[in-house]
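# Chains, contacts and geometry: an overview
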Amino acid sequence: MSSFCVPPTQLWLEVSPEVQNQSWQQSQSSVSPRHRWNAFLNQVCLSTFLPWLQTEYAPEATVHTLPITWELVNGTAINIDTKRLILIPDKNLETREFSVPQEWIDIPQWAGDYYLAVQVNPDGQWLRIWGYTTHEQLKNQGSYDSQERTYSLDATQMIEDLNVLWVVRQLYPEEQTQTAIAPLLILSATQVENLWQRLTSSTNPRLELPFEMWGALLNSQDWPQRYIQKPSLVNLRQWFQNIVADSWQTIESYLGTQPDFAFSFRQVADVVEQSIQRVKEIELANNNQAVVLMLTLTAEIDGRVGIRAQLYPQERNVYLPRNISLALISASGEIVQSVQARETDNSIQLKRFKCPQNTRFSLQIVLDDFNFIEEFES
């Protein structure tokens, strides 16, 4: 394609072979073909548009987006003084509609002022800015797709000439570009940990949670570290050597902080010799309640580890939430066994099972939209 095919009011930029090659190499660190393609488009867009912008209009322009963002959400943020541009690249040749992921609209720390629609040639040889709009217009006039979680605007509602943006910035630097953003949920540290653990195995984490929770996770400063950090594998044999992760406690240490919880353990006070018991408190998102997962390990004569998994309410005289389930999942992802709480259950437990050395399995707790998973090795 050559520049004469583009309307004179639209910006067309050629992408150098060097940028194409570098962008492709950098995208290979992504885990899936879809993520690699998304990273490639965004890197091509950023590496071509930013130098042009700094040369022609805004030498102070800086990139606000981390590459890890492209694993999750399409788009790149560029800061210019007090304003923010959001570039949304797309390889489709059809430009009847401009779609923006909800994250760029409804997360306060992500939201921009101006949103630029970027068409990138499928081979990455050129790109064009075919229109722009504002946060206010997208939020108030755009159509919202709850399935894809995007705001979309018809092409006829877009401003085609990018020069208009620079003129407006000079003449009306205080132009109202953003509209009000609803506050997101405030998550506890336990909720954050549980939610990130839940998302570890998801192929599309941005659609796994209700947006109020997903947006709250991404609104925190440390979300990139949380996203790339893999949950540690719990080595159960180390428990017999008194090597235990901080998130798991002895019953005695846990009771020191939760004295009312002792009532729940009267039925398990008689523990056989050579058994190890550890507990972990898990806060249920959107339920204002916590449960306690207890594991009892026994060293078997044949070298296997006997395991009993039980679930209790955190508070005395409180039943488990109805329909909360506890499941044992094999290394291949199959549910081996599961149990679900009834209306007046104050505990549930899996059938005791035995694992040879180096066997991997997971325990899963599910209640409505809440999904907690922890992986173990025997």
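As shown above, the structure is provided for reference.
Residues numbered from 1 in each chain as written. Predicted model: local features only at pLDDT ≥ 70, side-chain atom pairs only at ≥ 80, totals over all residues. Heavy atoms only, no water.

## Quick word on the overall build of the protein chain
A count of helices and strands for the protein chain gives nine helices and 19 strands. When burial is assessed residue by residue, the protein chain has 49% of its 378 residues classed as buried. In the protein chain, 63% of the contacts between residues at least 6 apart in sequence involve partners at least 24 apart. Carbon together with sulfur atoms contributes 46% to the accessible area of the protein chain, which is approximately 19,200 Å² in total. (Helix = DSSP H or I, 4+ residues; strand = E, 2+ residues; numbered from the N terminus. Buried < 20%, exposed > 50% of the residue type's maximum accessible area, 1.4 Å probe, protein only. Contact = heavy atoms within 4.5 Å. Areas by Shrake-Rupley, 256 points an atom, 1.4 Å probe, with all protein chains shown as cover.)

## Some thoughts on the pairing of strand E18 (residues 360-367)
Most of E18 sits inside the fold, with six of its eight residues counted as buried. As judged from the six bridges shared by strand E14 (residues 325-330) and E18, these two strands associate in the antiparallel manner. When the sheet's bridge partners are listed, Ser325 is paired in E18 with Val366. Bridge count for E18 against strand E19 (residues 370-377) is eight bridges, and the pairing is antiparallel. Of the residues in E19, the one forming a bridge with Val366 is Asn371. (Pairing = 2+ DSSP bridges.)

## Here we look at the nonpolar core
Of all hydrophobic cores here, the largest spans 34 residues; its most connected members are Trp104, Tyr115, Trp214 and Leu217. Mapped onto this core, the elements with two or more residues apiece are strand E4 (83-90), strand E5 (97-101), helix H3 (103-106), strand E6 (114-120), strand E9 (150-154), helix H6 (189-199) and helix H7 (211-218). Top contributing element to this core by residue count: H7, with six residues. Excluding its chain neighbours within four sequence positions, the residues that come into contact with Leu217 are Leu187, Val192, Leu195, Trp196, Leu199, Leu209 and Trp223. Membership of the second largest hydrophobic core comes to 32 residues, among which are Leu53, Ala58, Ile80 and Ile129. (Core = buried A, V, L, I, M, F, W, Y, C linked by side-chain atoms within 4.5 Å.)

## Considerations on the packing of helix H1 (residues 17-27) against helix H2 (residues 33-56)
For the pair H1 and H2, interaxial distance at closest approach is 8 Å and the crossing angle is 140°. The element H1 and its partner H2 pack so that their crossing is right-handed. Along the contact surface, H1 presents Val19, Gln20, Ser23, Trp24, Gln26 and Ser27, while H2 presents Arg36, Trp37, Ala39, Phe40, Gln43, Val44, Ser47 and Thr48. Partitioning the contact of H1 with H2 into residue classes produces six nonpolar, seven polar and one charged. (Axes fitted to C-alpha atoms, helices over the stretch in contact; angles between N-to-C directions. Left-handed = near helix turned anticlockwise from the far one by under 90°. Nonpolar A, V, L, I, M, F, W, Y, C, P; charged D, E, K, R; others polar.)

## Quick look at a negative patch on the surface
Residues Glu97, Asp145, Glu148 and Asp154 make up a contiguous surface patch of negative charge. Mapped onto the secondary structure, Glu148 falls in the loop between strand E8 (143-145) and E9. (Patch = residues over 30% accessible without salt bridge, like charges linked within 9 Å, V, L, I, M, F, W, Y side chains within 5 Å. Salt bridge = Lys/Arg side-chain N within 4 Å of Asp/Glu carboxyl O. Lys, Arg positive; Asp, Glu negative; His and termini not counted. Charge placed at Lys NZ, Arg CZ, Asp CG, Glu CD.)

## Digging into the packing of aromatic side chains
For the structure shown, the criterion picks out 15 aromatic pairs. Taken together, a centroid distance of 5.3 Å and an interplanar angle of 55° make the contact between Trp239 and Trp248 tilted. Among the residues examined, Trp239 registers a relative accessible area of 2% and is labelled buried. Under the relative-accessibility criterion, Trp248 is labelled buried at 4%. Between Phe353 and Phe361, the aromatic rings sit 5.4 Å apart at their centres with planes inclined by 85°, giving edge-to-face as the arrangement. Exposure class is identical for Phe353 and Phe361. Each is buried. Taken together, the ring pairs in this structure connect Trp239, Trp248, Phe353, Phe361 and Phe376 into an aromatic cluster. (Phe/Tyr/Trp six-rings, centres within 6.5 Å; stacked < 30°, edge-to-face > 60°.)

## Overview of the sheet that holds E18
Pairing within the open sheet is mixed, and its five strands lie in the order E10-E19-E18-E14-E15. Looking at strand neighbours, the two that pair on one side only are strand E10 (234-235) and strand E15 (335-340), the edges of this open sheet.

## Points about the pattern of salt bridges
Scanning all chains against the criterion turns up twelve salt bridges. Between Glu300 and Lys354 there is a salt bridge, and its shortest N-O distance comes to 3.6 Å. Here Glu300, found in the loop between strand E12 (289-299) and strand E13 (305-313), pairs with Lys354, found in strand E17 (residues 353-355); they are 54 residues apart in sequence, far enough to count as distant. Owing to a relative accessible area of 37%, Lys354 belongs among the partly exposed residues under this scheme. A salt bridge links Arg360 to Glu375; the nearest nitrogen and oxygen atoms lie 3.7 Å apart. Residue Arg360 is found in strand E18, and its partner Glu375 is found in strand E19; the two are separated by 15 residues along the sequence. Note on Arg360: relative accessible area 41%, which makes it partly exposed. Overall, Glu375 belongs to the partly exposed group, its relative accessible area being 35%. A network of salt bridges, in which partner residues are shared, links Glu300, Arg352 and Lys354.

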